[in-house]
Amino acid sequence: MTTKTIKHPLSAWHFLEVLLFIGPAAMFLIVFWILPILGSLGVSFTDWDFMSDGFQITGIQNYRSLLRDKNFLSAMEHTLLFACYTVLPGCGIGLILAVLVHAAGRHTPYAACLLAPWITPTVAVSIVWIWIFEPDRGLANGLLQWLGLRGLPWLQSSSTALAAVSIVTVWKNLGYVMLLFLGPLSQIPKEYYEAAALDGAGVLQRFRKITLPLLAPSTCFVGLIMTVESLRAYDQIQILTQGGPAGSTRTLLYLYYQLGFEQFRMGQAAAAVVILTIIGLFLAWVQNRVKGVFYEI
Amino acid sequence: MKSDLIRIRLLHVFLGIFSVLMALPFLWMFVSSLKTKEEVLDPSRLLPAQPQWGNYLSILTDSPIPGYLGNSLFVALAVVCLQLICSTLFAYGITFLKFRGRTWLYRIVLVTYMVPTAATYIPCYMLLSRFHLLDTFQGLILSNGVSVFGIFLLRHAFTQLPPDAMEAARMDGAGHFTVLTHIVMPMTRPAYITFTLLAFIGTYNSYMWPSLITDSPQRSLVSQGLRRFLFEGGAYGTQWALVMAAGAVVVIPLLLLLALGGHWITDGIADGHS
């Protein structure tokens, strides 16, 4: 094989060409993605603590102690709850908004307007939300009191903090989810609706009988994308609650950050992020399967 | 027909109100940023008696915020350039060049895309520290040198091109590089604009990774800088009007970008995933 490559100058040139095109990105991918991912997997089997030079290979000890750790189990629970709190309302409202924006015309300013929270830095808007959620002087409780309701402690109580962080997250993602639905929505042929309207179907009936079934695959898809997105939430948690109060907003990713970059327990942190990765890959696999079920036949 | 017209009007009224509600946190930020120290703490006052434009003046002249803005702008532009070059070459290679292991390579990239970025942080941190790149712009830029998302976006655009145009050029003896710059790139301009905007915004806003590898205010991007301004600039919660003005200064460039090039971003997201 190699002799052949050397014999034909064209072949050698082709090899060089491929290298020229693939090389730069491949180098970055290997150095900053592939090797580090394998590295994390490796570290997760050690007791490395960052400070000392040496480490010992401890096998699956990190995973075992994580699974027995109260903090880890509650972080798993919060991750699941956070996913439910953000994905379900986000997709529901996002779908309705997409239908409305589609009806109003895709190039009306609404789409860009709704995307503003997604475009702006999470840190900046989270700071505004801290101020809105302020129990005594904030806008949120001001509005509740104006409506004759009692104010809530929002970020300051472990019973409401995760919901408050979820509200910020839904608000931030809504425009994005809406756009993810808008694409497939504009691919539904207009004739379907016209025919249904001629048969006397009302707006709601058309939504239920045409839009919903035809968007079922996209809904599944968007739901999975947003679930993966919820696993990656960090910025708003770091600014709004730092995982508190009493660990009530500590998700798996935030636990990873605290283990690794606050407590320098690198082995355990790596094990946590490996578990996070496995969940992410599993969701991606499901996503692929769903796509196959809906589109292949 | 008439009921349709009323329905459309109602639709616009509803979407208008909803958009304002969604924009409420931004409006509240701008309103609060124009208040005095006392007004901002008084929940009964919705609007400032006299807009305190001085808050903005002191943020722009007497705070580290403009420096953070400059850092974010510089790093984001550098990262966008690097990502554009790497992703373009890679996407072209994987779409149009024939070589062994091509599908294999594509699968690896696909799996990489599914892995949360956080999984790379500990080893990447070690790597940057080994090469003395912690707390440097070089470290920030190089560690973001490739965008897997960009590779997918461009590859997708490339596969939609009619093969005839490229084949004709190849027949005329044009090299791959000429085909790329004279045919492929001009024909996929929308994908390039979308990618450039999203990559720029993503880097400008990025927080977790930059805050792990940089420490000094001289290298902080806006997100990390704003957080520092919130927690260090006076005790927690005292200077809310100034904090809001700082937030506004950081947010306004992006809102302008959205107002000017919004449809590139919205179309890119809406049509990219379907």
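All values reported here derive from a predicted model rather than from experimental measurement. (Residues numbered from 1 in each chain as written. Chains lettered and ligands numbered in written order. Predicted model: local features only at pLDDT ≥ 70, side-chain atom pairs only at ≥ 80, totals over all residues. Heavy atoms only, no water.)

### A look at the overall build of chain B
The condition is simple: Each helix is a run of H or I in the DSSP string that is no shorter than four residues. Each strand is a run of E no shorter than two, and both are numbered from the N terminus. With C-alpha atoms as the basis for the radius of gyration, the globule rule is written as 2.2 Å multiplied by the number of residues raised to the power 0.38. Burial classification: accessible surface area is computed with a 1.4 Å probe over protein chains only, and a residue below 20% of its type maximum counts as buried, one above 50% as exposed, and the rest as partly exposed. Residues are treated as being in contact if the distance between any of their heavy atoms lies within 4.5 Å. For every accessible area listed, the method is Shrake-Rupley and the probe measures 1.4 Å; residues are considered covered only by the protein chains on display. We count Lys and Arg on the positive side and Asp and Glu on the negative side, and we leave His and both chain ends out. The atom standing in for a charge is NZ when the residue is Lys, CZ when it is Arg, CG when it is Asp and CD when it is Glu.
Each helix and strand in chain B was counted, giving 14 helices and zero strands. Whereas a compact globule of 274 residues would reach a radius of gyration of roughly 19 Å, chain B reaches 24 Å, over 25% beyond that. Its C-alpha atoms give chain B principal-axis dimensions of roughly 75 × 70 × 30 Å. Every one of the 274 residues in chain B was classed for burial, and the buried ones make up 49%. Counting contacts in chain B only where the partners sit at least 6 residues apart, residues at least 24 apart contribute 70% of the total. By element, 66% of the accessible surface of chain B is carried by carbon and sulfur atoms, the whole surface being about 13,100 Å². Charge centroids of chain B, computed over 17 positive and 13 negative side chains, lie 8 Å from each other.

### Comments concerning the overall build of chain A
Tallying secondary structure elements over chain A gives 13 helices and zero strands in all. Taken from N to C terminus, the helices and strands of chain A fall in the order α-α-α-α-α-α-α-α-α-α-α-α-α. Taken over C-alpha atoms, the radius of gyration comes to 25 Å for chain A, far larger than the 19 Å a tight globule of 297 residues would show. Along the first, second and third principal axes, the C-alpha atoms of chain A reach 75 × 60 × 30 Å. Out of the 297 residues belonging to chain A, those deemed buried represent 52%. For chain A, the proportion of contacts with a sequence separation of at least 24, taken over those separated by at least 6, is 65%. Surface exposure of chain A reaches about 14,600 Å², of which carbon and sulfur atoms provide 66%.

### Description of the confidence of the model for chain A
When pLDDT drops low, the exact placement of atoms in the prediction is not to be read closely. Note the threshold: Each residue gets a pLDDT score, which is the predictor's confidence in that residue and runs from 0 to 100.
When the pLDDT values of chain A are averaged, the result is 88; 95% of them are 70 or greater. Across residues 1-7 of chain A, confidence stays below pLDDT 50; counting only partners more than four residues off in sequence or on other chains, it has three contacts.

### Some points on the nonpolar core
Our working rule: Residues enter a nonpolar core if they are buried and are Ala, Val, Leu, Ile, Met, Phe, Trp, Tyr or Cys, with the set joined through side-chain atoms within 4.5 Å.
Ranked by internal contacts, the top residues of the largest apolar core, which has 186 residues, are Ile127, Met178 and Tyr256 of chain A together with Ile65, Phe90, Trp240 and Ile265 of chain B. The greatest single-element share of this core, amounting to 16 residues, is contributed by helix α14 (residues 240-272) of chain B. When residues no more than four places from it in sequence are discounted, the contact partners of Phe90 of chain B are Phe21, Ile22, Ala25, Ala26 and Leu29 of chain A together with Leu105, Val109 and Ile151 of chain B.

### Concerning the interface of chain A and chain B
Bring the parts together and some accessible area is lost; that lost area is often taken as the interface size. Which entries qualify depends on this criterion: Using a 1.4 Å probe, buried area is obtained as the accessible area two parts lose upon being combined, added over both of them. In the analysis that follows, any N or O atom pair within 3.5 Å is treated as a polar contact, provided that within protein one partner can donate a hydrogen and the other can accept it, and provided that, for residues neighboring in sequence, both atoms belong to side chains. By the convention adopted, Pro, Cys, Tyr, Trp, Phe, Met, Ile, Leu, Val and Ala count as nonpolar, Lys, Arg, Asp and Glu as charged, and the other residues, Gly among them, as polar.
Chain A puts 86 residues into the contact, and the matching count from chain B is 90 residues. When residues of chain A are sorted by the area they lose upon contact with chain B, Phe21, Trp33 and Trp131 of chain A head the list and together hold 11% of the total. The tally of links between chain A and chain B comes to nine residue pairs in polar contact (both at pLDDT 80 or more). Of all the elements, helix α2 (residues 9-43) of chain A adds the most residues to the side of chain A that touches chain B, at 19 residues. Taken together, the residues that form the side of chain A that touches chain B break down as 68 nonpolar, eleven polar and seven charged.

### With respect to empty space enclosed by the protein
Residue and element names in this part refer to chain A. Applicable threshold: Lining residues are defined by having an atom within 4 Å of a point belonging to a cavity or pocket. Those points lie on a 1 Å grid over the protein atoms alone, cavities being sets where a 1.4 Å probe fits but cannot get out and pockets being open sets with protein on both sides within 12 Å along at least five of seven lines. Grid points are joined across faces, edges and corners, and a volume is the space filled by probe spheres set on the points.
Overall, the coordinates contain three cavities of 30 Å³ or more when judged by the stated rule. Taken as a whole, the largest cavity spans an internal volume of roughly 70 Å³. In terms of lining residues, the largest cavity is bounded by Thr86, Val87, Gly90, Cys91, Thr169, Val170, Asn173, Val177, Met226 and Ser230. Among the elements of the structure, α4 (70-104), α8 (161-185) and α10 (203-231) are those that each provide at least two residues to the lining of the largest cavity. Classifying every residue of the lining of the largest cavity gives five nonpolar, five polar and no charged.

### A word on the layout of surface pockets
Gaps left between atoms show up when a probe the size of a water molecule is rolled over them. Roughly 1,000 Å³ of internal volume is contained in the second largest pocket. If you trace the second largest pocket, you find 22 residues lining it, with Val99, Ala103, Tyr193, Val203 and Arg206 of chain A closest to the centre. Broken down by secondary-structure element, the contributors of at least two residues to the lining of the second largest pocket are α4, α9 (190-198) and α10 of chain A together with α1 (2-33) of chain B. Of the residues belonging to the lining of the second largest pocket, the class tally is 14 nonpolar, three polar and five charged.

### Comments concerning a nonpolar patch on the surface
Test applied: Every patch collects residues that have over 30% relative accessible area and no salt bridge, joining them within 9 Å if they carry like charges and within 5 Å if they are nonpolar side chains (Val, Leu, Ile, Met, Phe, Trp, Tyr). Salt-bridge detection follows one rule: a side-chain nitrogen of Lys or Arg within 4 Å of a carboxyl oxygen of Asp or Glu.
Where nonpolar side chains cluster on the molecular surface, the patch consists of Leu143, Trp146, Leu147 and Leu149 of chain A together with Val13, Ile17, Val20, Leu21, Leu24 and Leu27 of chain B and spans about 1,000 Å² of accessible area. The set of elements that each furnish at least two residues to the nonpolar patch consists of α7 (139-146) of chain A together with α1 of chain B. Looking at the nonpolar patch element by element, the count peaks at six residues for α1 of chain B.

### A look at helix α3 (residues 54-61) of chain B
Residue and element names in this part refer to chain B. Heads up, the rule is: The directions considered for the arc are those from the helix axis to the C-beta atoms.
All buried positions along α3 are accounted for by Asn55, Tyr56 and Ile59. Along the axis of α3, the buried residues cluster in a sector spanning 95 degrees; they form a single face. For α3, the exposed residues lying more than 90 degrees away from the buried face are Leu57 and Thr61.

### Some thoughts on the packing of aromatic side chains
Where we set the bar: When the centres of two rings from Phe, Tyr and Trp lie within 6.5 Å, Trp using its six-membered ring, the rings pair. Their planes under 30 degrees apart give stacked, over 60 give edge-to-face, and anything left gives tilted. In our convention, an over-ring charge means Lys NZ or Arg CZ found within 6 Å of a ring centre and within 35 degrees of that ring's normal.
If you walk through the whole model with that rule in mind, you get 25 aromatic pairs over all chains. Between the aromatic rings of Phe21 of chain A and Tyr92 of chain B, the centroid separation amounts to 5.0 Å while the plane-to-plane angle is 25 degrees, which identifies the pairing as stacked. Of this pair, Phe21 of chain A sits in helix α2 while Tyr92 of chain B sits in helix α4 (residues 65-96), each in a different chain. Cluster of aromatic residues (ring-pair linked, three or more members): Trp129, Phe133, Trp154 and Trp171 of chain A together with Phe26 of chain B. A cation over an aromatic ring shows up here: Arg155 of chain B above the ring of Tyr106 of chain B, its NZ or CZ 4.2 Å from the ring centre. Lying over the aromatic face of Phe137 of chain B, Arg219 of chain B brings its terminal NZ or CZ to 5.6 Å of the ring centre.

### A short note on the side chain of Ser147 of chain B
All names here are of chain B. As for its position among the elements, Ser147 is in the loop between α7 (137-142) and α8 (148-159). With a relative accessible area of 9%, Ser147 lands in the buried category. Contact partners of Ser147, with chain neighbours within four places excluded, come to Gln83, Ser87 and Phe195.

### Side note on the state of the cysteines
Simply put, disulfide is the name for a covalent bond between the sulfur atoms of two cysteines. Heads up, the condition is: Put simply, a disulfide is two cysteine sulfurs that come within 2.5 Å.
Using the criterion set out here, one finds zero disulfides over all chains in the structure. With no disulfide of its own, Cys91 of chain A lies 9.9 Å from the sulfur of Cys220 of chain A, the closest cysteine sulfur.

### Thoughts on the environment of Ser33 of chain B
Residues and elements named next belong to chain B. Tracing the sequence through the fold places Ser33 in helix α1. In this structure, the C-alpha to C-alpha distance between Ser33 and Met166, residues 133 residues apart in sequence, is 55 Å. Contacts of Ser33, omitting those with residues within four sequence positions, involve Gln52, Asn55, Tyr56, Ala241, Met244 and Ala245.

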